[in-house]
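Structure assessment
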Amino acid sequence: MSKKAIFPGTFDPFTIGHHSLVKRSLALVDEIVIAIGKNDAKKSYFSLENRVGMIKDLYEGDPRVSVGTYDNLTVDFAKSVDADFIIRGIRSVNDFEYEKTIADMNRKISGIETLVLFTEPELTHISSTIVRELLRFGYDVSEFLPEGLNLRNPGLI
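Rules behind the numbers
- Along each chain, numbering runs from 1 in the same order as the chain's sequence is written.
- Per-residue local features of the predicted model are confined to residues with pLDDT of at least 70, and side-chain atom pairs are confined, for both listing and counting, to 80 or more; whole-chain, interface and lining totals are unaffected and use all residues.
- Values reported for side chains reflect all heavy atoms of the structure, with hydrogen atoms and water molecules removed beforehand.
- Strands are runs of DSSP state E lasting at least two residues, helices are runs of H or I lasting at least four, and both sets are numbered from the N terminus onward.
- The atom set for the radius of gyration is the C-alpha atoms, and the globule formula is 2.2 Å times the number of residues raised to the power 0.38.
- Relative accessibility decides the category of a residue: with a 1.4 Å probe and only protein chains considered, values under 20% of the type maximum give buried, values over 50% give exposed, and everything between is partly exposed.
- Working rule for contacts: check all heavy atoms of both residues, and any pair within 4.5 Å makes them a contact.
- Neither His nor the chain ends contribute to the count of charged residues, in which Lys and Arg are positive and Asp and Glu negative.
- Charged side chains are reduced to one point each, which is NZ for Lys, CZ for Arg, CG for Asp and CD for Glu.
- Two strands qualify as a pair provided that DSSP identifies no fewer than 2 bridges between them.
- Look down the strands so they point away from you; if the path from the first strand over the helix to the second goes clockwise, the crossover is right-handed.
- Throughout, the arc means that of the directions going from the helix axis to the C-beta atoms.
- UniProt positions are given in the numbering used here, feature names are shortened, and annotations may be inferred rather than shown by experiment.
- Throughout this description, a polar contact denotes any pair of N or O atoms lying within 3.5 Å of each other; where both atoms belong to protein, one of them has to be capable of donating a hydrogen while the other can accept it, and for residues adjacent in sequence the pair is counted only when both atoms sit in side chains.
- Here the term patch refers to residues with relative accessible area over 30% and no salt bridge, with like charges joined within 9 Å and nonpolar side chains (Val, Leu, Ile, Met, Phe, Trp, Tyr) within 5 Å.
- Computed by Shrake-Rupley with a 1.4 Å probe, the accessible areas treat only the displayed protein chains as cover when residues are assessed.
- Only one rule defines a salt bridge in this text: a Lys or Arg side-chain nitrogen within 4 Å of an Asp or Glu carboxyl oxygen.

**Overview of the overall build of the chain**
Scanning the chain from terminus to terminus reveals 5 helices and 5 strands. Going from N to C terminus, the chain has its helices and strands arranged as β-α-β-α-β-α-β-α-β-α. At 15 Å, the chain has a C-alpha radius of gyration in line with the 15 Å of a compact globule built from 157 residues. Over its C-alpha atoms, taken along the principal directions, the chain stretches across nearly 45 × 35 × 30 Å. For the chain, with 157 residues in total, the buried portion stands at 46%. Once local pairs closer than 6 in sequence are excluded, the contacts in the chain between residues at least 24 apart make up 80%. Positive and negative side-chain charges of the chain, numbering 19 and 23 respectively, have mean locations separated by a distance of 4 Å.

**Some remarks on the pairing of strand β3 (residues 65-70)**
Alignment of strand β2 (residues 31-37) against β3, held across 6 bridges, turns out to be parallel. Within β3, the residue paired with Ala 35 across the bridge is Gly 68. Once the chain exits β2 it traverses helix α2 (residues 48-58) before rejoining the sheet at β3, and the crossover so formed is right-handed.

**Observations concerning the environment of Asn 39**
Within the secondary structure, Asn 39 sits in the loop between β2 and α2. C-alpha of Asn 39 to C-alpha of Thr 124: the two residues are 85 residues apart in sequence and 24 Å apart in space.

**Quick word on helix α5 (residues 128-136)**
If you check which residues of α5 are buried, you get Ser 128, Val 131, Arg 132 and Leu 135. The buried side chains of α5 occupy one side of the element, clustering within an arc of 100° when seen end-on. Once α5 finishes, Gly 138 follows within two positions and takes phi at roughly 80°, a positive value.

**Structural notes on the pairing of strand β4 (residues 85-90)**
With 5 of its 6 residues buried, β4 lies for the most part within the structure. Pairing of strand β1 (residues 4-9) with β4, which is carried by 2 bridges, proceeds in the parallel orientation. Bridge pairing in β4 places Ile 6 opposite Ile 86. Sheet topology places β4 next to strand β5 (residues 113-118); 6 bridges connect them, and they run parallel.

**Here we look at the UniProt feature "binding site: substrate" (unreviewed entry) in the chain**
Per the UniProt annotation, the sites labelled "binding site: substrate" (unreviewed entry) are Thr 10, Lys 42, Thr 74 and Arg 88. Relative to the assigned elements, Lys 42 resides in the loop between β2 and α2. Structurally, Thr 74 can be placed in helix α3 (residues 74-80). Look past the residues within four positions of Thr 74 in its chain and what remains in contact with it is Ile 6, Pro 8 and Ile 86. In terms of polar contacts, Thr 74 uses its side chain to reach the side chain of Tyr 70, at 2.8 Å.

**What about a nonpolar patch on the surface?**
Together, Leu 73, Met 105 and Ile 109 give the surface a local cluster of nonpolar side chains, amounting to about 300 Å² of exposed area. Relative to the assigned elements, Met 105 resides in helix α4 (residues 93-110).

**Brief notes about α2**
Since the α-helix turns once every 3.6 residues, residues separated by three or four places project in the same direction. Most of α2 is tucked away, with 8 of its 11 residues classed as buried. Looking at α2, one finds that the buried residues are Leu 48, Asn 50, Arg 51, Val 52, Gly 53, Met 54, Ile 55 and Leu 58. Residues of α2 that are buried in the fold lie against α1 (16-25), β2 and β3.

Structure, rendered in structure tokens:
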């Protein structure tokens, strides 16, 4: 029986830290849906369509990875795609406390388990927030993005 997971986030943009988690998760599950959450309250640097396109292009040759969007509870999206697990990455103690609370609640209301992977030490300083800020000020961020990820024109939602 195959195991499916979702990897939820806003991925604005998708970084080498995210890519690392996807690659490492594929050793644990058979299929991953990268689940891009829609959050109208959050100003995005890249439009939802651009983020979907960038990530789809990145994983175009890997049938084990797909991309979806959602605007409901993460566990509801997980159920809608028949996911067995939710994948989350942790960079710090603060991340751990937050993710543990969410994982406990998700398991309580849905029975879906969260698989937590610790970020590789050399990637802990990378976050989409910091990469976005560098982009806004014209910095080259290619070292923080997966090889093969083509940034599309930013556009606010």
